[in-house]
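# Report on the structure
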Amino acid sequence: MERLNGKVAIITGGAGGIGKATAKLFLEQGAKVVIVDINKEVLEKTSSELDHENLSYCVADISKAEDNENYVEHTLEVHGKIDIFFANAGIEGVSRPIAEYPEETFDKVIAVNLKGVWLGCKHVIPKMKKGGSVIITSSVAGLKGFAGLGAYVATKHAIVGIMRVAALENAERKIRVNTIHPGPVNNDMMRRIEKDVSPENPKEVLKGFESVVPFGRYAESNELAEMALFLASDESKYITGCTHVVDGGMLTA
Ligand code: NAD
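Rules used throughout
- Residues numbered from 1 in each chain as written.
- Predicted model: local features only at pLDDT ≥ 70, side-chain atom pairs only at ≥ 80, totals over all residues.
- Heavy atoms only, no water.
- UniProt positions renumbered as here; feature names shortened; annotations may be inferred.
- Axes fitted to C-alpha atoms, helices over the stretch in contact; angles between N-to-C directions.
- Helix = DSSP H or I, 4+ residues; strand = E, 2+ residues; numbered from the N terminus.
- Parallel < 35°, antiparallel > 145°, perpendicular 65-115°, else oblique.
- Left-handed = near helix turned anticlockwise from the far one by under 90°.
- Contact = heavy atoms within 4.5 Å.
- Nonpolar A, V, L, I, M, F, W, Y, C, P; charged D, E, K, R; others polar.
- Near = heavy atom within 4 Å.
- Polar contact = N/O pair within 3.5 Å; in protein donor to acceptor, adjacent residues only side chain to side chain.
- Areas by Shrake-Rupley, 256 points an atom, 1.4 Å probe, with all protein chains shown as cover.
- Pairing = 2+ DSSP bridges.
- Core = buried A, V, L, I, M, F, W, Y, C linked by side-chain atoms within 4.5 Å.
- Buried < 20%, exposed > 50% of the residue type's maximum accessible area, 1.4 Å probe, protein only.
- Salt bridge = Lys/Arg side-chain N within 4 Å of Asp/Glu carboxyl O.

The protein appears in an unreviewed UniProt entry as NAD(P)-dependent dehydrogenase, short-chain alcohol dehydrogenase family from Pricia antarctica. According to the UniProt record, the Sequence similarities (unreviewed entry) comment for the protein is "Belongs to the short-chain dehydrogenases/reductases (SDR) family."

This part covers the packing of helix 1 (residues 17–28) against helix 2 (residues 40–50). The relative placement of two packed helices is expressed as an angle between their axes plus a distance between the axes. Two numbers describe how helix 1 lies on helix 2: the axes approach to 11 Å, and their chain directions differ by 30°. The orientation of helix 1 with respect to helix 2, classified from their angle, is roughly parallel. Here helix 1 runs over helix 2; the crossing is right-handed. Residue-level inspection shows K20, A23 and K24 of helix 1 in contact with helix 2, the latter providing T46, E49 and L50. Partitioning the contact of helix 1 with helix 2 into residue classes produces 2 nonpolar, 1 polar and 3 charged.

What follows deals with the site of the ligand. Within the structure, the ligand sits among 29 residues, and I18, D37, N88, Y152 and V185 are positioned closest to it. Within the contact set of the ligand, an oxygen atom lies 2.6 Å away from a side-chain nitrogen or oxygen of D37. Residue N187 places a side-chain N or O atom 2.9 Å away from an oxygen atom belonging to the ligand. Look at the ligand: alone it shows 820 Å² of surface, and the protein chains cover 93% of it. Counting only elements with at least two residues in the shell around the ligand, the list comes to helix 1, helix 5 (150–170) and helix 6 (188–197). A per-element tally of the shell around the ligand places helix 6 first, with 3 residues. Partitioned by chemical class, the residues of the shell around the ligand number 14 nonpolar, 11 polar and 4 charged.

Another aspect to go through is the sheet that holds strand 5 (residues 132–137). With parallel pairing, 7 strands are arranged side by side in an open sheet as 3-2-1-4-5-6-7. Strands with a single pairing partner mark the edges of an open sheet, and in this sheet they are strand 3 (55–59) and strand 7 (243–246). Across the sheet, the mean angle separating the axes of adjacent strands is 20° when strand polarity is ignored. As paired elements, strand 2 (residues 32–37) and strand 3 share 5 bridges and run parallel to each other. If you follow V34 over to strand 3, its bridge partner there is S56. Set on the sheet, helix 1 makes contact with strand 1 (8–12), strand 2, strand 3, strand 4 (84–87) and strand 6 (175–182); between it and strand 1 the angle comes to about 170°. Strand contacts of helix 8 (residues 221–232): strand 4, strand 5, strand 6 and strand 7, with the helix running at about 165° to strand 6, the strand carrying the most contacts.

This brings us to the nonpolar core. Within the largest apolar cluster, 30 residues are counted, with the highest numbers of intra-cluster contacts made by F26, V33 and I180. Residue assignment for this core shows that the elements contributing at least two residues are strand 1, helix 1, strand 2, helix 2, strand 4 and helix 8. Element by element, the count of residues in this core is highest for helix 8, at 7 residues. Core analysis: the next-biggest nonpolar cluster, separate from the first, contains 25 residues, M128, V134, I159 and A166 among them.

On inspection of all chains with the given rule, the structure shows 13 salt bridges. Two residues, E44 and K40, come together in a salt bridge whose shortest N-O distance is 3.2 Å. Here K40 and E44 lie together in helix 2, a separation of 4 residues that amounts to about one turn. Among the charged side chains, a salt-bridge network with shared partners connects K20, K45 and E49.

Structure, rendered in structure tokens:
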């Protein structure tokens with residue numbers, strides 16, 4: 001059974017780990033998918049790897065209003081509607097205590113992770129017509145603190161607030177809004193974090209994370225895609241305004 005038959009989905013950060021895995025799964029489940037990403041080269045590579053007639057892509061920087069307008073316009077031109085919005089793009093910044101955190105990096109993380117999600121909601125949600133599902137990728141860092149990740153933690157908490165407000169504002173229109181909270185995921189973002197935290201010995205960071213995850217391993221990107229699919233499909237039709245943790249037990253430990 002195809003769980004997203006006839007649905008049109010936009011996925012930001014669609015060239016990266018979780019976005020790409022979700023695009024693949026959504027296509028398999030019958031959706032038409034537009035992947036959006038700032039990285040043209042990786043976007044083209046992802047697009048040719050997924051190689052599907054129902055897939056198209058848009059290069060966009062989600063922190064810019066005009067770029068958000070452009071991918072919305074593209075989706076409406078090609079598919080005539082939007083049913084699912086996966087606001088997933090995000091950046092990690094650097095790992096430094098607040099006293100040492102570079103201000104320009106802080107501004108950049110706010111621009112992408114917070115303003116980018118807000119702009120996406122602002123431009124996409126009004127164009128959703130007969131119901132829909134908005135899924136925002138936060139993090140376990142949106143529900144607890146991590147020393148050194150001040151900018152990231154602040155933005156991932158803040159978008160839970162956006163989710164709650166958007167859920168209330170759009171309930172009457174039958175548009176559901178939820179957040180996903182991954183623990184560490186085995187993809188490029190984690191590789192960059194490992195190198196930033198321990199340039200000499202990135203594998204130590206892996207060990208450190210594994211020791212605080214009861215399942216003893218990182219998630220794979222497709223395990224987040226499965227949650228996105230559940231929230232995108234009608235199986236979750238009574239669920240809105242909620243946080244959904246996919247972390248191998250990390251938060252409860
Ligand atoms: P990733 O780095 O593989 O993918 C992120 C994608 O977002 C990249 O393709 C990147 O080019 C794109 N992007 C970055 N800035 C952008 C911008 N301004 N406009 C458009 N696209 C932009 O990492 P991922 O794990 O797939 O990240 C997806 C989401 O998951 C992010 O919001 C991230 O914060 C969150 N997350 C990741 C982890 C992890 O361990 N990887 C853990 C918790 C939460």
